[in-house]
Amino acid sequence: MNSSDLPDSRARLLYVLEERIPSPLRALVESYIPVDEFAVRHMTYLTPLEQQKELMRWADVVLFAPGRFLPDEVMEAASGHVKLMQLWSSGYDKFNVAGARNWGIPVANNGGANAISVAEHTVLLMLAVNKWLPDSHARTVEGRWAGNSHGLDMFLLHNKTLSLFGFGNIGRHVARRCRGFGMRILYHDVKPAPPEVELETGATYVDVETLLREADVLSLHLHSTRETERIIDEQALKQLRKNAILVNVSRAQLVDQQALLDALRSGRLRGAGFDVYMHEPTEPGEPLLQLPNVVATPHMAGSTYDTYARAIGNCVDNFRRVLSGRPPQWVVNNI
């Protein structure tokens, strides 16, 4: 069915995307938007400002894939008629949440659609750091078997303590998976989880000092806010066990980067795994990424085919809710 042949009664959906999004992923997004329900227009973050405002005035709902900053004047153009600004991701720190709130527009994230993918990636990084995976792969490909440690610098997850800083949807999924490895699981969050969640995940609530002091693996699962910026600083890193590793799939801003670099260089931290960085994309020669005890991936923890399908499905369902007069789910700006 050609969209031009469809009635004008369809809801007007503005699809906002980054230029770097590849065409197959754009096609996947659009395949989940029913053309009999939605008339779709497109905009990128490089679209001229006046055109951005014009498109916002046209829209009933807006899909951001991914969510990046738009100026207040574009948000103002959406006020009074845009019923929902929907992000396909869980993170919203790069979005103009305050501007949307000022103009009374609810902003929602993806409802944890990427939680399982991020949790699996967290475990991947733990294993890769503990097994020196990049070095092991390079030695095998190049035939450099001589001079390897024969496993003396490799460690199990079994019987180690996993400290989860943040115990929301992703942190709980990590706990469930690491329980299967026979790990002792500690967590800290703004408040303890319900007893039934602790029982099911095998996780124990502790204070921050205990969380750090007992960690063999410290895994970060916090949103980036003023309160959490550099929450892992030099003092926090000094509280970790000497052979501890750090995994960060949340935001680089949670960690003091210079203190982390010093801890890794000195051997106070045995290793680290990252999926997030202060500057993205990364650039050649960044000091942290030159260290042999670091495993790095290009902000891909939540990116799998299965995750995209689930996330986009959640977005469309949330549009249906607001267009039928029901309140949206997963709102992050208290509208």
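Here is a short report on the structure shown in this document. (Residues numbered from 1 in each chain as written. Predicted model: local features only at pLDDT ≥ 70, side-chain atom pairs only at ≥ 80, totals over all residues. Heavy atoms only, no water.)

## Focus on the sheet that holds strand 8 (residues 203-205)
Test applied: Any two strands with at least two DSSP bridges between them are considered paired. To qualify as a helix, a DSSP run of H or I must reach at least 4 residues; to qualify as a strand, a run of E must reach at least 2; elements of each kind are numbered from the N terminus. Orientation is described by axes fitted as lines to C-alpha atoms, over the contacting stretch for helices, and by angles from 0 to 180 degrees between their N-to-C directions. Contacts between residues were defined by any pair of non-hydrogen atoms, one from each residue, lying within 4.5 Å.
Across the sheet, 7 strands lie side by side as 8-7-6-9-10-11-12; this open sheet has parallel pairing. Two strands close off the open sheet at either side, each with one partner strand: strand 8 and strand 12 (294-296). Neighbouring strand axes in the sheet, compared pairwise and without regard to direction, differ in orientation by 20 degrees on average. Direction of pairing for strand 7 (residues 184-188) relative to strand 8: parallel, over a ladder of 3 bridges. Following the sheet pairing, Ile185 is matched in strand 8 by Ala203. Across the sheet, helix 5 (residues 115-130) lies against strand 6 (161-165), strand 9 (217-220), strand 10 (245-248), strand 11 (271-274) and strand 12, angled at about 150 degrees from strand 10, the strand it touches most.

## Comments concerning the nonpolar core
The condition that has to hold: For our purposes a nonpolar core is just a set of buried Ala, Val, Leu, Ile, Met, Phe, Trp, Tyr and Cys residues, chained together by side-chain atoms within 4.5 Å. Each residue is assigned to one of three classes by its accessible area relative to the maximum for its type, calculated with a 1.4 Å probe on protein chains only: buried under 20%, partly exposed between the two thresholds, exposed over 50%.
Leu218, Ile232, Leu260, Leu264 and Leu269 are the most contacted members of the largest nonpolar core, which totals 29 residues. Going through the elements one at a time, helix 9 (208-213), strand 9, helix 10 (234-239), helix 11 (257-266) and strand 11 are the ones with two or more residues in this core. Considering every element that reaches this core, the biggest residue donor is helix 11, with 5 residues. Every residue in contact with Ile232, bar those within four places of it in the chain, is listed here: Phe165, Leu212, Leu218, Leu220, Leu237, Leu254, Val255 and Asp256. Counting residues in hydrophobic clusters, the runner-up holds 26 residues, among them Val118, Leu164, Ile185 and Val249.

## Quick word on helix 11
Rule in force here: Here a polar contact means two N or O atoms within 3.5 Å. Within protein one must be a hydrogen donor candidate and the other an acceptor candidate, and residues neighboring in sequence count only if both atoms are side-chain atoms.
Taken residue by residue, helix 11 has Ala259, Leu260, Leu261, Ala263 and Leu264 as its buried positions. Buried residues belonging to helix 11 abut helix 10, strand 10, strand 11 and strand 12. Of the residues flanking the start of helix 11, the one acting as N-cap is Asp256, its side-chain oxygen 3.1 Å from the backbone nitrogen of Gln258. Positive phi appears at Gly267, one or two residues downstream of helix 11, with a value of about 90 degrees.

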